[in-house]
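# Summary of structural features
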Amino acid sequence: MRCLTLAKALKVQNVECTFICRNHAGNLIKKIQQAGFIVHILDAIENDNSSNELLADNQNAYNKQQPLFHADWLGTTQRQDAQDCSAIIEPLQVDWLIVDHYALDKTWQHILRPHYKKLMVIDDLGDREHLADLLLDQNHGSTVEKYQELVPRTCTILAGSTFALLRPEFSLWRKYSLSRRKNNTSISNILVTLGGTDPDNFTGKILQKLALVALNSNIEIIVVMGSTAPHLQVVQQQAASMITSTIVKVDVSNMAEIMSNADLAVGAAGATTWERCCLGLPTIQIVTAENQRQIAEDLATNNVIKLLRDINDLTYLMATMEKWLLPIATQTHSIVDGLGCERVVDHMIKGYQL
């Protein structure tokens, strides 16, 4: 999603953007195409090798590094993936190649180097080397020092949530959202959003716990899910049986508006964190993937979110929210202002002109 957001911002500047995606389960190919972009689709590979063999083959032959921790996410080797991409990129001779994948490093980038003029890497792990001209880590607390030994000395490093890639709608709704929650300590609208697919059905687990909480009769729960979520029908049935008015919305196109009118969110860690921060939306956050945990812990320490470490703690957090709701709302909106995408595009255009 962050690449799609960036592509839309570049398109406004009359930059033509093309995507390459491998056809893995849960991909966003259709969504990218619906946004009007060309997508070159690479076949998903049925890999018969053992995990260890795949990791070994993905080992960085260019500099003899250890295998990447997320190597198996690629579904093939870096060399094979680079060859597949090369056939697409070579005739395009792109000005900027933008890569956002935890299983790719300078091995992949070196093979493709003859076919691009400049390379931008989107990362947040800081666990591998890159041949980048521009590196973006949009997470709160990230620093330039985190990447200095992983990129060329000439690389520009954009670190921190001031560069968070948000759609323009979030900056447009920011003033309204912050104004309506000023000094607000009451709850009338709860937003539950655990990602588009939510394969582990955290949404259902949250609704089960909310059903046990003594909520005011005027409260409404809004659940947002994607149409491809495997547990969508189960959640819809569950919502219909809730005592508290609960509405399930599918494939929404007005997320900023929905967030702006919510008083509290129960949501997944990840990129939507910065959307909620931009709008000052107090959030009880759930880590749904281990690579999100450190950032979530840091945000909780800095009183930006409430971190739900155990699903059973939701009852306590809901019962005590009058004590922490306003302090969280006051702190969270200072993290992101919604203009990060504009700043990144500005660096890309200026960097290419140099």
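Data block above holds the structure.
Below is a summary of the structure that appears in this document. Values in this document were obtained by computation on a predicted structure and should not be read as measured data. (Residues numbered from 1 in each chain as written. Predicted model: local features only at pLDDT ≥ 70, side-chain atom pairs only at ≥ 80, totals over all residues. Heavy atoms only, no water.)

## Focus: the pairing of strand β8 (residues 220-225)
Note the cut-off: Think of it in three bands: residues with accessible area under 20% of the maximum for their type are buried, residues over 50% are exposed, and the middle band is partly exposed, with areas taken using a 1.4 Å probe on protein chains only. Secondary structure follows DSSP: runs of H or I at least 4 residues long count as helices, runs of E at least 2 residues long count as strands, and numbering of each begins at the N terminus. For two strands to pair, DSSP has to find at least two bridges joining them. The crossover handedness rule: strands pointing away from the viewer, path from first strand over the helix to second strand clockwise, crossover right-handed.
Within β8, five of the six residues are buried, which leaves the element mostly enclosed by the surrounding structure. By the bridge criterion, four bridges tie strand β7 (residues 189-193) to β8 in an arrangement that is parallel. Residue pairing across strands places valine 192 opposite valine 223, the latter belonging to β8. In this fold, the crossover linking β7 to β8 by way of helix α7 (residues 202-210) has right-handed handedness. Pairing between β8 and strand β9 (residues 245-250): six bridges, direction parallel. The partner of isoleucine 221 across the bridge, within β9, is threonine 246. In this region the chain leaves β8, passes through helix α8 (residues 232-240) and returns to the parallel neighbour β9; the handedness of that crossover is right-handed.

## Notes on unusual backbone geometry
Of note, the phi angle at asparagine 14 is positive, near 65°, even though the residue is not glycine. Tracing the sequence through the fold places asparagine 14 in the loop between α1 (2-12) and β1 (18-22). Residue asparagine 14 is classed as exposed on the basis of its relative accessible area, which comes to 74%. Of note in the backbone geometry, asparagine 303 takes a positive phi value of approximately 60° without being a glycine. Within the secondary structure, asparagine 303 sits in the loop between α11 (293-301) and β12 (306-307).

## Notes on the nonpolar core
Threshold: To qualify as a nonpolar core, a set must consist of buried Ala, Val, Leu, Ile, Met, Phe, Trp, Tyr and Cys residues joined through side-chain atoms within 4.5 Å. Throughout, a contact is declared for two residues whenever any of their heavy atoms are within 4.5 Å.
Counting residues in hydrophobic clusters, the biggest one holds 33 residues, and the most contacted among them are Ile190, Val192, Leu210, Ile221, Ile284 and Met318. Looking at this core, the elements that each hand over two or more residues are β7, α7, β8, α8, β10 (264-268), β11 (283-286), α12 (314-319) and α13 (321-332). Among all residues touching valine 192, those that are not within four sequence positions of it are Thr203, Ile206, Leu210, Ile221, Ile222, Val223, Val224 and Val266. Counting 26 residues, the second largest nonpolar core, distinct from the first, contains Val224, Cys277, Leu281 and Leu307.

## A word on the sheet that holds β7
Think of a sheet as strands paired side by side through backbone hydrogen bonds, with each pair either parallel or antiparallel. To be explicit about the condition: To get an axis, fit a line to the C-alpha atoms, keeping to the stretch in contact for a helix; angles then go from 0 to 180 degrees between the N-to-C directions.
Spatially, β9-β8-β7-β10-β11-β12 is the arrangement adopted by the six strands of the open sheet, whose pairing is parallel. Each edge of the open sheet carries a strand with a single partner, namely β9 and β12. Taken strand by strand, α8 contacts β8 and β9, and its axis lies near 155° from that of β9.

## What to know about the packing of aromatic side chains
The description of two aromatic rings rests on the distance between their centres and on the angle between their planes. This is how the line gets drawn: Stacked, tilted and edge-to-face are the three classes assigned to paired rings of Phe, Tyr and Trp, where Trp is represented by its six-membered ring and a pair needs centres within 6.5 Å; plane angles under 30 degrees give stacked, over 60 edge-to-face, the rest tilted. For a ring to carry a charge above it, either NZ of a lysine or CZ of an arginine must fall within 6 Å of the ring centroid while also lying within 35 degrees of the normal to the ring plane.
Per the counting criterion, the structure on display carries two aromatic pairs. Centre to centre, the rings of phenylalanine 19 and phenylalanine 37 are 5.6 Å apart; their planes meet at 65°, and the pair counts as edge-to-face. Of this pair, phenylalanine 19 sits in strand β1 while phenylalanine 37 sits in the loop between α2 (29-34) and β2 (38-42), placing them 18 residues apart in sequence. For the pair formed by phenylalanine 19 and phenylalanine 37, the shared burial category is buried. Arranged with centres 5.4 Å apart and planes meeting at 75°, the rings of tryptophan 173 and tyrosine 176 form a pair that is edge-to-face. On the criterion of helical spacing, the pair formed by tryptophan 173 and tyrosine 176 is a turn pair, its members being three residues apart in helix α6 (residues 168-180). One residue, lysine 11, lies across the ring of phenylalanine 37, its end atom 5.2 Å from the ring centre.

## A short note on the side chain of lysine 209
The line we're drawing: Only four residue types enter the charge count: Lys and Arg as positive, Asp and Glu as negative, with His and the chain ends excluded. A side-chain nitrogen of Lys or Arg and a carboxyl oxygen of Asp or Glu constitute a salt bridge if their distance falls within 4 Å.
Structurally, lysine 209 is set in helix α7. No salt bridge is formed by the buried lysine 209; the nearest opposite charge belongs to aspartate 310, separated by 6.9 Å. Look past the residues within four positions of lysine 209 in its chain and what remains in contact with it is Ile311, Asn312 and Leu314.

So, to be careful, I would describe these as geometric facts and stop short of saying anything about function.
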